[in-house]
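A look at the structure
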Amino acid sequence: MGKIIAVVNQKGGVGKTTTAVNLSAGIGLAGKKVLLVDADPQGNTTSGYGINKKDATATSYELLLGDVSAAEATVTTAFKNVDIIPASMNLAAAEIDLIEVKHRESRLKTALSPLREKYDYIFIDCPPSLGLITINALNAADTVLVPIQCEYYALEGLSQLIASIRQVKRLYNSTLDIEGIVLTMYDGRLNLTNQVVGEIKKYFSNKLYKTAIPRGVRISEAPSHGTPIQYYDARSKGAAAYNDLAKEFLKRNRRA
């Protein structure tokens with residue numbers, strides 16, 4: 001049965017979507033079947049895989065409202081072993097549209113359940129907030145992957161996120177666990193970076209991935225071409241880093 005991983009950080013600009021896009025591509029290249037669910041109204045994961053948001057008629061919004069099945073919303077991408085459920089701007093209205101819906105916090109879990117047998121891994125790219133869409137993702141997920149930028153405010157955000165995960169675990173999803181923490185925009189030459197890493201290791205040493213994602217122009221350029229970094233520039237440091245992260249992720253899950 002496929003494992004569902006929510007990629008979450010309520011702070012924007014930390015490389016959350018970049019990690020969802022490129023880690024999924026790396027796992028696909030390693031031979032595993034991946035579904036990527038774009039649950040962020042900005043739809044950057046969708047465009048990061050070269051899909052025009054305006055052309056998408058069956059999206060994560062219709063999925064949450066129950067208007068389409070997960071299979072109907074799934075799009076086959078041009079990239080090895082990766083399918084996607086795209087997002088559209090309509091998703092921004094989901095928080096309001098679901099207010100009076102019964103079991104509104106478990107809509108995504110119910111919708112994705114039939115696809116667990118088809119995929120090895122299902123990643124959910126969450127919005128940079130802890131609203132109802134993110135609660136749906138945390139309720140649906142087995143584990144949570146947290147990309148974190150190496151800066152001081154990231155530590156404050158991490159503590160808030162952990163508190164939210166514990167609350168969802170208590171209320172809705174008792175088996176929810178932390179998959180791991182990924183350092184993004186990493187620059188080991190900076191003292192602040194090393195201080196932040198030291199603090200994270202102090203509390204989450206067993207959850208911190210050894211692979212850190214460096215800052216890189218090529219990583220930043222890839223989304224505008226609608227391709228993961230591995231396809232945009234396979235020789236770049238960013239591609240190597242995300243491939244290494246995929247290998248580390250798969251190795252950890254073999255042990256699990």
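One structure accompanies this document, and this report is about it. (Residues numbered from 1 in each chain as written. Predicted model: local features only at pLDDT ≥ 70, side-chain atom pairs only at ≥ 80, totals over all residues. Heavy atoms only, no water.)

Here we look at the overall build of the chain
Scanning the chain from N- to C-terminus turns up 12 helices and 7 strands. Here the C-alpha atoms of the chain give a radius of gyration of 17 Å, agreeing with the 18 Å that 2.2 N^0.38 yields for 256 residues. Taken over the C-alpha atoms alone, the chain extends approximately 50 × 40 × 35 Å along its principal axes. A buried classification covers 55% of the 256 residues belonging to the chain. In the chain, once contacts between residues fewer than 6 apart in sequence are set aside, the share between residues at least 24 apart is 79%. Entry remark: accessible area of the chain is about 11,900 Å², with carbon and sulfur atoms responsible for 50%. Computing the positive centroid from 31 side-chain charges and the negative centroid from 25, the chain places the two 8 Å apart. (Helix = DSSP H or I, 4+ residues; strand = E, 2+ residues; numbered from the N terminus. Rg over C-alpha atoms; globule rule 2.2 N^0.38 Å. Buried < 20%, exposed > 50% of the residue type's maximum accessible area, 1.4 Å probe, protein only. Contact = heavy atoms within 4.5 Å. Areas by Shrake-Rupley, 256 points an atom, 1.4 Å probe, with all protein chains shown as cover. Lys, Arg positive; Asp, Glu negative; His and termini not counted. Charge placed at Lys NZ, Arg CZ, Asp CG, Glu CD.)

Remarks on the side chain of N253
Positionally, N253 belongs in helix α12 (residues 237–255). A polar contact of 2.6 Å, which involves the side chain of N253, links it to the side chain of K3. The contacts of N253, once residues within four sequence positions are left out, are K3, Y121 and E179. (Polar contact = N/O pair within 3.5 Å; in protein donor to acceptor, adjacent residues only side chain to side chain.)

Overview of the sheet that holds strand β1 (residues 3–7)
Backbone-to-backbone hydrogen bonds pair the strands of a sheet. The strands run either parallel or antiparallel. Taken in spatial order, the 7 strands line up as β3-β4-β2-β5-β1-β6-β7 in an open sheet, and their pairing is mixed. Two strands close off the open sheet at either side, each with one partner strand: β3 (75–76) and β7 (177–184). With 4 bridges connecting them, strand β2 (residues 34–38) and strand β4 (residues 82–85) associate as parallel partners. Bridge pairing in β4 links L35 to D83. Across the sheet, helix α7 (residues 132–140) lies against β1, β5 (121–125) and β6 (143–149), angled at about 150° from β1, the strand it touches most. The strands touched by helix α8 (residues 152–171) within the sheet are β6 and β7, with β6 carrying the most contacts at an inclination of about 170°. (Pairing = 2+ DSSP bridges. Axes fitted to C-alpha atoms, helices over the stretch in contact; angles between N-to-C directions.)

Description of the pairing of β2
Of all 5 residues in β2, 5 are buried, a share of seventy percent or more. Alternating positions in β2 separate into two faces, V34, L36 and D38 on one and L35 and V37 on the other, with burial throughout. Of the strand pairs in this sheet, β2 and β5 are connected by 5 bridges, and their pairing is parallel. The residue of β5 that forms the bridge with V34 is Y121.

Details of the layout of surface pockets
As a volume, the largest pocket reaches approximately 520 Å³. Surrounding the largest pocket, 29 residues form its lining, G15, K16, T17, T18 and M185 being those nearest its centre. Looking at which element gives the most residues to the lining of the largest pocket, the answer is helix α1 (residues 16–29), with 5 residues. Of the residues contributing to the lining of the largest pocket, the split by class is 11 nonpolar, 14 polar and 4 charged. (1 Å grid on protein atoms, 1.4 Å probe; cavity = no way out; pocket = protein on both sides within 12 Å on 5 of 7 lines; lining within 4 Å. Points joined across faces, edges and corners; volume = space filled by probe spheres on them. Nonpolar A, V, L, I, M, F, W, Y, C, P; charged D, E, K, R; others polar.)

Let's talk about the pairing of β6
Within β6, 7 of the 7 residues are buried, which leaves it mostly tucked inside the rest of the structure. Relative to β6, β1 is paired through 3 bridges, and the arrangement is parallel. Paired with I5 across the two strands is T143, which belongs to β6. The pairing of β6 with β7 spans 7 bridges and is parallel. Bridging from a neighbouring strand, V146 pairs with I181 of β7. Handedness of the crossover is the feature at issue here: the chain leaves β6, passes through α8, returns alongside β7, and the resulting connection is right-handed. (Right-handed = clockwise from strand over helix to strand, strands pointing away.)

Considering the pattern of salt bridges
Using the criterion set out here, one finds 9 salt bridges in the structure. Note that D83 is salt-bridged to K33, the shortest N-O span being 3.6 Å. Taken together, the positions of D83 in strand β4 and K33 in the loop between α1 and β2 put the pair 50 residues apart, joining distant regions of the chain. A salt bridge links D233 to R218; its shortest N-O distance comes to 2.8 Å. With D233 in the loop between α11 (229–232) and α12 and R218 in helix α10 (residues 217–221), the pair connects residues that are 15 residues apart, well separated along the chain. The structure contains a network of salt bridges with shared partners spanning K16, D40 and D125. (Salt bridge = Lys/Arg side-chain N within 4 Å of Asp/Glu carboxyl O.)

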